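Each chain, written out:
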Amino acid sequence: SGRQVSSGYLPMPAWVASPVHRKLILAIVKARTNAGLTQRDLARKIRKTPSFVGKAESLERNLSVMEFLAIAQAIGTPPQEILRDVVADLPPEFEI
């Protein structure tokens, strides 16, 4: 799947299909839910729309490093804790 253009479909960016990206998002969602926060709660804390959080969590949007750090802070979980399992399972090479 991808964005439709007149000649067909463009491939999805590599980060969308990346197991590393998926694992990071799952870790963020786990930290958010463990903190008892809804997507709406998190959006309010980071001064973004609920759509922003929803798109990030459904892999429709990539997060910048600054956005990730703001999310971790808003959740109340150290970023290194969120990243621990993601980094532990990094493949030797992966596409970005």
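Heads up: the structure comes first, above all this text.
Residues numbered from 1 in each chain as written. Predicted model: local features only at pLDDT ≥ 70, side-chain atom pairs only at ≥ 80, totals over all residues. Heavy atoms only, no water.

> Could you clarify how one ought to interpret the layout of surface pockets in this entry?
Roughly 270 Å³ of internal volume is contained in the second largest pocket. In terms of lining residues, the second largest pocket is bounded by K23, L26, A27, K30, A31, N34, A35, I75, T77, E81, I82 and D85. Of all the elements in the fold, those that place two or more residues in the lining of the second largest pocket are α2 (19-34) and α6 (79-88). If you tally residues by element for the lining of the second largest pocket, the top one is α2, at 6 residues. Here the residues of the lining of the second largest pocket are counted per class, giving 6 nonpolar, 2 polar and 4 charged. (1 Å grid on protein atoms, 1.4 Å probe; cavity = no way out; pocket = protein on both sides within 12 Å on 5 of 7 lines; lining within 4 Å. Points joined across faces, edges and corners; volume = space filled by probe spheres on them. Helix = DSSP H or I, 4+ residues; strand = E, 2+ residues; numbered from the N terminus. Nonpolar A, V, L, I, M, F, W, Y, C, P; charged D, E, K, R; others polar.)

> Where do I start with empty space enclosed by the protein in this structure?
Over the atoms, a rolled probe matching the size of one water molecule traces out where space is still vacant. Tallying each qualifying case throughout the model produces 1 cavity of 30 Å³ or more. In this structure, the largest cavity occupies an estimated 30 Å³ of space. Lining the largest cavity are I25, I28, L42, V53, A56, E57, L63 and I71. Those elements giving two or more residues to the lining of the largest cavity turn out to be α2 and α4 (50-57).

> When you look at unusual backbone geometry in this model, what are you seeing that I'm missing?
Leaving glycine out, the prevailing phi sign among residues is negative, and the prevailing peptide bond configuration is trans. You will see that R47, though not glycine, has its phi angle at about 55°, which is positive. With respect to the secondary-structure elements, R47 resides in the loop between α3 (39-46) and α4. Judged by relative accessible area, which is 78%, R47 ranks as exposed. (Buried < 20%, exposed > 50% of the residue type's maximum accessible area, 1.4 Å probe, protein only.)

> Help me out: how do you make sense of α2 in this one?
Note that an α-helix has 3.6 residues per turn; residues three or four places apart therefore point the same way. Between its first and last C-alpha, α2 extends 22 Å over 16 residues, near the 22 Å set by a 1.5 Å rise per residue. What α2 keeps buried is the set V20, H21, L24, I25, A27, I28, A31 and R32. The buried side chains of α2 occupy one side of the element, clustering within an arc of 155° when seen end-on. Within α2, the exposed residues directed more than 90 degrees away from the buried face are P19, L26, K30 and N34. Put simply, S18 is the residue that caps the front of α2, since its side-chain oxygen is 3.1 Å from the backbone nitrogen of V20. G36, located one to two residues past α2, shows a positive phi value of around 75°. (Expected span 1.5 Å × (residues − 1). Arc of directions from axis to C-beta. Polar contact = N/O pair within 3.5 Å; in protein donor to acceptor, adjacent residues only side chain to side chain.)

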